[in-house]
Amino acid sequence: MNITIIGGGLAGASIGYHLVKMGNSVTIYDRKDKGQATFASAGIVCPWISQRRNKKWYRLVTKSAHYYPDFISTLEKESGMSTGYKNSGAICLFKENIFDKATKRISDKAVDNPDVGQVRQLTKEELSALHPALTTEYPALIVEGGGQVRGQKLLAAIKEAFIGLGGRWEEKSYENSIDDDTFKIYTTGAWGKEQKYKPEIAHQRAEIMHFKLLTQKVQQSPVVMALGPTYIVHLENDKYVIGTTHIDTDSFDTEPSEESYNYLRDELYKYFKPEDVEITEMGVGLKPYTRDFLPFIGYVDNNTFVVNGMGSTGLTASPFVGKEVALLLNGMPTELDLNDYSYTEPQN
Ligand SMILES: Cc1cc2nc3c(=O)[nH]c(=O)nc-3n(C[C@H](O)[C@H](O)[C@H](O)COP(=O)(O)OP(=O)(O)OC[C@H]3O[C@@H](n4cnc5c(N)ncnc54)[C@H](O)[C@@H]3O)c2cc1C
């Protein structure tokens, strides 16, 4: 099968990689737009903590997290590159009044899913041992199965392996006027609006703040899921990020805003002493989502397939989705019922 993939973020690259492994001839076009979500992403792979109740989404992200370790180990061998994947656990902070209830909610998810690992409440001493500079003001638990990956490194490794396996990567825009009869897969992220296919793609501007922890140089440190939507991710050595803002917008502007800077600085100072941190830069990504916040994976006509709306868990889901789409297009059985994600009606 000759296939053209338009969009080389993590979604398109993952699909291309799995397709070439199955013997397909694939060309990926990517124009590296500023604001590419994969480039800006934080890298948390820990879907079990979310309070979302959408079962189709949960099935997708938990199967995706399960696929990660094997996928990464094969990919790193094939590409000879590191993806920054670490299975260093996730510390979750809560307000006192909901701590026990939250512990039970997350522990329940571990009962029939070994990927979650142990879930246990931490003493202040245990918390400080895991993350010395982090505040001990909030009760904390650890989810031992939590992991993290570096979006940019992962994408670079997939691209390397894809090309090594015979795929073609064109670093340029795919113009819709190019008239060829190859099968097309659109994975254009926030720029999906340009194609006018259903479902409608909207995007959120998500800003993250990069900072250094002046008192802490470690090889690895667990991800921190802090209060509300805030998270803290260790990148390497003394480098960390804290995120994120979620602002619905039609704009493709990727200049950092003062408002987001102030918001994230205030968040940062909730968890670390100001004298322990040095803010280094801001990152801005455009996160694609659908009306239902459920990824869309499906045909839009006989010759065109769309994967988009990967939202806040696209880094987690893309490798597995890539495998599933490659199986489907090669007429092989998939683990998920992909009809669940090829929807026209609103999803619950
Ligand atoms: C700040 C931030 C933090 C995040 N943190 C996490 C996290 O911790 N865990 C997690 O699981 N997920 C996270 N995500 C979500 C995840 O990054 C995204 O869901 C995922 O990267 C989306 O991938 P994508 O390939 O669909 O889109 P993108 O990565 O945006 O890629 C789309 C690509 O298509 C290209 N393109 C568009 N039109 C054309 C065209 N006509 N021709 C050629 N190329 C074209 C663009 O240039 C772009 O490179 C985060 C996102 C952001 C922004």
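Values in this document were obtained by computation on a predicted structure and should not be read as measured data.

**Observations regarding the side chain of Gln204**
Part 1 of the reasoning: Within the element layout of this structure, Gln204 appears in strand S10 (residues 201-213).
Part 2 of the reasoning: A polar contact is formed between the side chain of Gln204 and the side chain of Asp248, at a distance of 3.3 Å.
Part 3 of the reasoning: Aside from chain neighbours lying at most four places away, what touches Gln204 is His246, Ile247, Asp248, Gly285, Leu286, Lys287, Tyr289 and Phe293.

**A look at the site of the ligand**
Part 1 of the reasoning: Taken together, 38 residues form the shell around the ligand, and within it Asp30, Asp33, Thr38, Gly311 and Thr316 come nearest.
Part 2 of the reasoning: In the model, an oxygen atom of the ligand is placed 2.7 Å from a nitrogen or oxygen of the Ile44 main chain.
Part 3 of the reasoning: Relative to its unbound accessible area of 1000 Å², the ligand is 99% covered by the protein chains.
Part 4 of the reasoning: Of all the secondary-structure elements, those providing two or more residues to the shell around the ligand are helix H1 (10-21), helix H2 (37-40), S10, strand S15 (277-290) and helix H8 (314-329).
Part 5 of the reasoning: Looking at the shell around the ligand, its residues break down into 15 nonpolar, 17 polar and six charged.

**Focus: the side chain of Ser318**
Part 1 of the reasoning: Structurally, the position occupied by Ser318 is in helix H8.
Part 2 of the reasoning: Its relative accessible area of 3% is what places Ser318 among the buried residues.
Part 3 of the reasoning: If we skip the residues at most four places from it in the chain, Ser318 touches Leu10, Ala11, Ser14 and Met310.

Criteria and thresholds
Residues numbered from 1 in each chain as written. Predicted model: local features only at pLDDT ≥ 70, side-chain atom pairs only at ≥ 80, totals over all residues. Heavy atoms only, no water. Helix = DSSP H or I, 4+ residues; strand = E, 2+ residues; numbered from the N terminus. Polar contact = N/O pair within 3.5 Å; in protein donor to acceptor, adjacent residues only side chain to side chain. Contact = heavy atoms within 4.5 Å. Near = heavy atom within 4 Å. Areas by Shrake-Rupley, 256 points an atom, 1.4 Å probe, with all protein chains shown as cover. Nonpolar A, V, L, I, M, F, W, Y, C, P; charged D, E, K, R; others polar. Buried < 20%, exposed > 50% of the residue type's maximum accessible area, 1.4 Å probe, protein only.

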